[in-house]
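Listed below, chain by chain, are the residues.
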Amino acid sequence: MQKIIILDFGSQTTQLIGRRIRELNTFCEILPYNKFPHDDPSVIGVILSGSPYSVYDPEAFKVDLSGIRGRMPILGICYGAQYMSYTNGGKVEPAGSREYGRANLAWIEQNNPLFRGFAPNSQVWMSHGDTITAIPEGWRAIASTASVKFAAYQADDACSMSNTACAVSPNQCSQGSMFNKVWGVQFHPEVFHSVQGTLLLKNFVVDICGSRQDWSPASFVETTVNEIRQQVGDDRVILGLSGGVDSSVCAVLLNRAIGDRLTCIFVDHGMLRKNEFRDVMHDYECLGLNVIGVDASERFLGDLAGVTDPEQKRKIIGRDFVEVFNAEARKITDARWLAQGTIYPDRIESLNITGKVIKSHHNVGGLPKEMSLGLCEPLKWLFKDEVRRVGRQLGMPEHLITRHPFPGPGLAVRILGDITREKVRILQDADDIFIRALREYVDTDGVTLYNKIWQAGVVLMSAVRSVGVMGDERTYEHPVALRAVTSTDAMTADWVHLPYDLMAKVSNDIINKVKGVNRVCYDISSKPPATIEWE
Ligand code: XMP
């Protein structure tokens, strides 16, 4: 399978480059800047990402590109472009403030394949502290903005491949073949504000690198089903289901590959959404999955009694979860593999080269050693939107595919303070009213609000009570906060401008129908600095 390699120099937008390339139906891998797979013959091109560093920073990431240049096309983005220019004798200097934000390509080289189809003055997004003030000898500028002379450049390399190693026919590989070239752009084609950025990436990936664009959900399902069969042979596989999209798609894919030799375990810790355990079990049974449902709510709620510290609550839930899951898994004595719905962003985050932990991981961990299970992670190359496309390809029901993410510890991280069955009941009822209202609210474009929102839920401020009046009675009950955010990966999020009529209805319904709540607030905090969950 053809692939593009994206070498990650630590930019915030590296994942976005990957998503854009996948949207072009081309497989790509994001690897640390110094981990280029030199012996992989399926690589057809390389992209160097941006970086938080300047090329002059002593700790800046440096890499020897001599094994790559001349063998396949390279595109450097921002730092990637500056790094290649600087290390080949060009000049990079601190930039003026005008190199942040929107800019327009006032000039582009006519007929350059990177800019095929570009409109005059195309808008791009700049974001760099340094700028290239001189490019190496023999390289040339191919685009400029009013203030950035070298907005894009090109260098023609001699082919460095020996005849035997070369995959290109001698006819194609005359001097000047696109395979030998290097491009650099100081703007970010991967971000939304670079209006023709996707076209630039398409020109690079398809026209220059020669992608056949044959990466699709259907081809993924076919290849992956075969790979799973090869990997696990006639063995039995265990999978922990959470009700979420990733583990559900993973289960259906495995079921397609090995049928009944997949055993799924779904643990109810007592802090799922209203009726969720029952409804999701029903969905799984309709999908033909072999699922063991374990109601462990007594144990979890018992262990959580009186605990108020958020980290302590998470630890207890994590520990209990592993123990309950393991006890079930041990009963499946012929299991040889553990399947997990790990997806690509989980793994890229764990490679995060800047060393900052943005989101901790919450997957099932620490299976008993004596089980010595192999790991099967069939979704490990997919982004979230691709997981959903694969789910549709597998014929899964839309309501399972479009489910909002839900935290592993469930409503526990949305009940501030200690947890009791009664508080869980209050929160489940309030949450159910809010989520139903979002599902029922169809926007002017025909899409429900639920489907436009990344994640929504309700938080119970159970440590707070406020005065209200109902009929002739004074009330002294808890407030709840509604939370609804848009996001692409949960690393940043923005609160949703919910319609007032919807908020009014939800507030009324919750206060009238949910005993224990007499006030409804709306959380208007973005992430950062807030997080999506309150605990
Ligand atoms: P935060 O609150 O960190 O949440 O902004 C980001 C995303 O992660 C989810 N989340 C969790 N998921 N186990 C999970 O499986 C957890 O412990 C956990 N904590 C937060 C959260 O719902 C959001 O989608």
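Residues numbered from 1 in each chain as written. Predicted model: local features only at pLDDT ≥ 70, side-chain atom pairs only at ≥ 80, totals over all residues. Heavy atoms only, no water.

Whenever strands of a sheet pair, they do so through backbone hydrogen bonds, lying parallel or antiparallel. The sheet built from 8 strands is open, its strands ordered E2-E1-E3-E4-E12-E11-E10-E7 with mixed pairing. Where the open sheet ends on each side, the last strands, each with one partner, are strand E2 (28-32) and strand E7 (107-108). Of the strand pairs in this sheet, strand E3 (residues 43-48) and strand E4 (residues 74-77) are connected by 3 bridges, and their pairing is parallel. Looking across to E4, one finds that Leu-48 is bridged to Gly-76. (Pairing = 2+ DSSP bridges. Helix = DSSP H or I, 4+ residues; strand = E, 2+ residues; numbered from the N terminus.)

Right, let's talk about helix H1 (residues 14-23) for a bit. Burial runs high along H1: 8 of the 10 residues are buried. When H1 is considered as a whole, its buried residues turn out to be Thr-14, Gln-15, Ile-17, Gly-18, Arg-19, Arg-20, Ile-21 and Arg-22. Note on H1: the residue one or two positions beyond its end, Asn-25, has a positive phi of about 55°. (Buried < 20%, exposed > 50% of the residue type's maximum accessible area, 1.4 Å probe, protein only.)

Taken domain by domain, the protein consists of domain 1 (3-208), domain 2 (217-401) and domain 3 (412-522). Put simply, the middle of domain 2 and the middle of domain 3, counted by C-alpha atoms, are 28 Å apart. Listed by partner, the interface residues are 19 residues for domain 2 and 19 residues for domain 3. Across the domain 2/domain 3 interface, buried area totals approximately 1600 Å², and carbon plus sulfur atoms make up 54% of it. The tally of links from domain 2 across to domain 3 stands at 3 salt bridges. Where Asp-431 meets Arg-273, a salt bridge forms, and the shortest distance between an N and an O atom there is 2.8 Å. (Domains from an automatic or database assignment. Contact = heavy atoms within 4.5 Å. Buried area = accessible area lost by both parts, 1.4 Å probe. Salt bridge = Lys/Arg side-chain N within 4 Å of Asp/Glu carboxyl O.)

Here we come to the environment of Asn-518. Along the polypeptide, Asn-518 turns up in strand E22 (residues 517-522). Between the C-alpha atoms of Asn-518 and Tyr-476, which are 42 residues apart in sequence, the distance is 7.6 Å. Apart from residues no more than four positions distant in its own chain, Asn-518 is found in contact with Ser-466, Val-467, Gly-468, Thr-475, Tyr-476, Glu-477, His-478 and Ile-511. A polar contact of 2.8 Å, which involves the side chain of Asn-518, links it to the backbone oxygen of Ser-466. (Polar contact = N/O pair within 3.5 Å; in protein donor to acceptor, adjacent residues only side chain to side chain.)

Attention now goes to the site of the ligand. Not every one of the 12 residues close to the ligand is listed here, only the nearest: Arg-314, Gln-455, Lys-527, Ile-532 and Glu-533. In the model, an oxygen atom of the ligand is placed 2.5 Å from a nitrogen or oxygen of the Arg-314 side chain. Between the ligand and the protein, one listed contact pairs an oxygen atom with a side-chain N or O atom of Glu-533 at 2.5 Å. The fraction of the free accessible surface of the ligand (500 Å²) that becomes covered by protein chains is 85%. By residue class, the composition of the shell around the ligand is 5 nonpolar, 4 polar and 3 charged. (Near = heavy atom within 4 Å. Areas by Shrake-Rupley, 256 points an atom, 1.4 Å probe, with all protein chains shown as cover. Nonpolar A, V, L, I, M, F, W, Y, C, P; charged D, E, K, R; others polar.)

Here we take up the packing of helix H4 (residues 217-232) against helix H5 (residues 245-258). Between H4 and H5, whose axes approach to 9 Å, the crossing angle comes to 65°. As summarised for this structure, H4 and H5 are arranged roughly perpendicular, according to the angle between their axes. Note on packing geometry: the crossing formed by H4 with H5 is right-handed. For the pair H4 and H5, contact is made by Phe-220, Val-221, Thr-224, Val-225, Ile-228, Arg-229 and Val-232 and by Leu-253, Leu-254, Arg-256, Ala-257 and Ile-258, respectively. When its residues are assigned to classes, the contact of H4 with H5 shows 9 nonpolar, 1 polar and 2 charged. (Axes fitted to C-alpha atoms, helices over the stretch in contact; angles between N-to-C directions. Parallel < 35°, antiparallel > 145°, perpendicular 65-115°, else oblique. Left-handed = near helix turned anticlockwise from the far one by under 90°.)

Okay, the packing of helix H12 (residues 421-440) against helix H14 (residues 500-513) next. Contact geometry of H12 with H14 gives a least axis separation of 9 Å together with a crossing angle of 150°. By the angle class used here, H12 and H14 are roughly antiparallel. Crossing geometry of H12 relative to H14 is assigned as right-handed. For the pair H12 and H14, contact is made by Ala-430, Ile-433, Phe-434, Ala-437 and Leu-438 and by Leu-502, Val-506, Asp-509, Ile-510 and Lys-513, respectively. Among the residues forming the contact of H12 with H14, the class breakdown is 8 nonpolar, no polar and 2 charged.

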